[in-house]
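# Fold and geometry: a report
So the chains spell out like this:
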Amino acid sequence: MQLQLLALPSGIQVVYSLAGIVVATFVVAKLSERPNLDAIPTVGCSTWLGSWRAGIQFATKAADVVREGYEKHKGAPFKVANLYRWMVVVSGSQSVEDMRKASDDELSLAEASNDDLKLGYMWGRDIFYNPYHIAIVRSQLTRNLGILYPDIRDEIFTAFEETLDLRGNEWKSVPALQTIQNIVSRTSNRIFVGLPLGRDPDWIDLTMRFTLDIIKGGVIIGFFPKVLAPLVARFMTSVPENTKRGMNLLGPVIEERLKRLDEHSKGWVDKPNDFLSWLLDHPEASKSSVKDLTLRLLSINFAAIHTSSNSFTQALYILAANPQYIQPLREEVEAIVTKDGWSKGSLAKMRKIDSFLKECQRVEGIDCVSMLRKAMKDFTFSDGTVLPKGAMVAIASQAASLDNAIHENAEIFDPFRFANMADEGGDGAKNSFVSTDPAYLVFGYGRHACPGRFFAATELKSMLAHVVLSYDIKLEDNATRLRSLHIGIHMVAHPTTKVMFRRAYRSCSVSLL
């Protein structure tokens, strides 16, 4: 037997040798990169072997681990181990303000995102470190929401009709997350690339698949030393293949737009008013390749589809499990739409719709921590805690959302909590879904708050208003609402839960369009 092992083919010996080198390099690299966090208390085991065990546990129980630390070290920082590194977790309004005020040279969102999801390796350095498309989201997209609202509303109506394909008054069961992903992708791409590409099944499938493949790719890259990350991204993820597929679909549209721009210049009367047009109008677009432009559009889809689909599916599960909330929501939508029609202004008056979505994110959310940052140099918090260079830090946002000291009866889901606060004389803007403050960090806080949150809120509120006005919904018979899946700090609406829909009987004549 020993002789047979020694006689292994040279190719297999090379593979085993390379695998051993990779593992050894990985361990050494991780140990050498570890910042000195000994002064910060640990939740879980702090020994070398114990921290690896804790890191494995963190992969599925991060929210529970962070909440344990939050309650044990109330207001003081603590650290937790995940699969790749230690993460420092802080809480309290002063710590939030410290992080908000920190410059990118002190605490970096970009570097934290790259460490977490490895986006820089998959999208390329220019797109990741020169994201001029994000500025377009913050400016043109937000400014044009009122003008574009009829298109948003039309696509939501059409996408629900075609995706659900209901017959008569019968109940139909559909996989919720997959269905909502399709509707969100169609609605978003109606504004991103317009028609007909925004409804092309291949493009919609690609944008949904791209989101999942980016997340999987980030996990795969994370298991290798940083020096190998570019090679792993190129040869062991689906991003290059998806990019080529995107170029084949989007390339002809880009070329046609550029041709029309050249022919008409500023006199193009019926020029599409969508994200692709704004992107092509940007001064740097003239120097960008079709591949670059395609990746920027796909990256925008990644941000929009993953977060919005997850958030709305969580809300849909809560609504289906609690059908008693449907009628008050329906009555609000009917009253406002009957009087004012469908518009962005009408959405602003739907306080119960807004409150329901905000409360869903308070108790669920897409991450158990917020404002993830990487220390680019030693950083000192107001309480004297020193965060060493290279350390990762985040706010215990979900644990704070479930704290009775911050929210009355925080453990109880109160769908109209924030609407009632506004009605009782509270600040309506502060209590709105898109608000950002130290006690509500779903969209972040400060200059790095989510630039697309106004579009996301318009989209999600329109979808919820449409659902409660158009359908009755419930979970499948005898089903219970399953807890979101926890993947590290991220929380994902349960992917296989089904929701049943049927057309709602409406006594009023309110228009659905």
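Named according to an unreviewed UniProt entry, the protein chain is Cytochrome P450 originating from Paxillus rubicundulus Ve08.2h10. The heading Cofactor (unreviewed entry) in the UniProt record of the protein chain holds the text "heme". Regarding the protein chain, the UniProt comment filed under Subcellular location (unreviewed entry) reads as follows: "Membrane".

## Let's talk about the confidence of the model for the protein chain
Confidence along the protein chain averages 89 in pLDDT terms, with 90% of residues attaining 70 or more. Taken together, the stretch residues 1–19 has pLDDT below 50 and engages in three contacts with residues farther than four places along the chain or on a different chain. Note on residues 23–32: pLDDT is under 50 here. Beyond four places in sequence and across chains, it has ten contacts.

## Describing the pairing of strand 5 (residues 370–375)
Counting buried positions along strand 5 yields six of six residues, so the element is predominantly enclosed. Inspection of the sheet shows strand 3 (residues 107–108) paired to strand 5 by two bridges, in the antiparallel sense. Each residue of the ladder has a partner; that of Leu 107, found in strand 5, is Ala 375.

## Observations regarding helix 16 (residues 326–340)
The α-helix winds at 3.6 residues per turn, so residues separated by three or four positions along the chain end up facing the same way. Between its terminal C-alpha atoms helix 16 stretches 21 Å, which fits the 21 Å expected from 15 residues at 1.5 Å a residue. Within helix 16 the residues assigned to the buried category are Ile 326, Leu 329, Arg 330, Glu 332, Val 333, Glu 334, Ile 336 and Val 337.

## A closer look at the environment of Ala 465
As for its placement among the helices and strands, Ala 465 is situated in helix 21 (residues 453–470). Judged by its relative accessible area of 0%, Ala 465 is buried. In this structure the C-alpha to C-alpha distance between Ala 465 and Thr 47, which are 418 residues apart in sequence, comes to 51 Å. Leaving out residues up to four positions away in the same chain, Ala 465 has contacts with Val 333, Trp 342, Met 350 and Ile 353.

## Considerations on the packing of aromatic side chains
Counted under the stated rule, the structure contains twelve aromatic pairs. Seen from their ring centres, Phe 275 and Trp 278 are 6.4 Å apart, and the 70 degrees between their planes marks the pair as edge-to-face. Of this pair, Phe 275 and Trp 278 both sit in helix 14 (residues 275–281), three residues apart, roughly one helical turn. Where Tyr 325 meets Phe 356, the ring centres are 6.2 Å apart and the plane angle is 65 degrees; that geometry is what we call edge-to-face. One end of the pair, Tyr 325, is in the loop between helix 15 (290–321) and helix 16; the other, Phe 356, is in helix 18 (residues 351–363), with 31 residues separating them in the sequence. According to the relative accessible area criterion, Tyr 325 is buried, its value standing at 14%. These aromatic residues form a ring-pair network of at least three members: Phe 192, Phe 275, Trp 278 and Phe 455. Across from the ring centre of Trp 342, 3.8 Å away, lies the NZ or CZ of Arg 153, which sits over that ring.

## Focus on the sheet that holds strand 4 (residues 172–175)
As summarised here, the arrangement of the three strands in space is 4-12-9, forming an open sheet in which the pairing is antiparallel. Looking along the sheet, the strands with just one partner apiece sit at the ends: strand 4 and strand 9 (471–475). Between one strand axis and the next, the sheet turns through 35 degrees on average, direction left out of account. Its contacts with the sheet place helix 9 (residues 145–164) against strand 4, strand 9 and strand 12 (498–503), and it is angled at close to 55 degrees to strand 9.

## Things to note about empty space enclosed by the protein
A full pass over the atoms with the stated rule returns two cavities of 30 Å³ or more. Of the volumes computed, that of the largest cavity is approximately 50 Å³. Along its surface, the largest cavity is lined by Met 99, Arg 100, Ala 102, Asp 104, Leu 107, Arg 373, Tyr 445, Gly 446, Arg 447 and His 448. Taken together, the residues of the lining of the largest cavity break down into four nonpolar, two polar and four charged. Space inside the second largest cavity adds up to approximately 30 Å³. Lining the second largest cavity are Ala 63, Val 66, Arg 67, Cys 368, Gln 398 and Ala 399. Among the elements of the structure, helix 3 (48–72) and helix 19 (397–401) are those that each provide at least two residues to the lining of the second largest cavity.

Cut-off values and rules
Residues numbered from 1 in each chain as written. Predicted model: local features only at pLDDT ≥ 70, side-chain atom pairs only at ≥ 80, totals over all residues. Heavy atoms only, no water. UniProt positions renumbered as here; feature names shortened; annotations may be inferred. pLDDT = per-residue confidence, 0-100. Contact = heavy atoms within 4.5 Å. Buried < 20%, exposed > 50% of the residue type's maximum accessible area, 1.4 Å probe, protein only. Helix = DSSP H or I, 4+ residues; strand = E, 2+ residues; numbered from the N terminus. Pairing = 2+ DSSP bridges. Expected span 1.5 Å × (residues − 1). Phe/Tyr/Trp six-rings, centres within 6.5 Å; stacked < 30°, edge-to-face > 60°. Lys NZ or Arg CZ within 6 Å of the ring centre and 35° of its normal. Axes fitted to C-alpha atoms, helices over the stretch in contact; angles between N-to-C directions. 1 Å grid on protein atoms, 1.4 Å probe; cavity = no way out; pocket = protein on both sides within 12 Å on 5 of 7 lines; lining within 4 Å. Points joined across faces, edges and corners; volume = space filled by probe spheres on them. Nonpolar A, V, L, I, M, F, W, Y, C, P; charged D, E, K, R; others polar.

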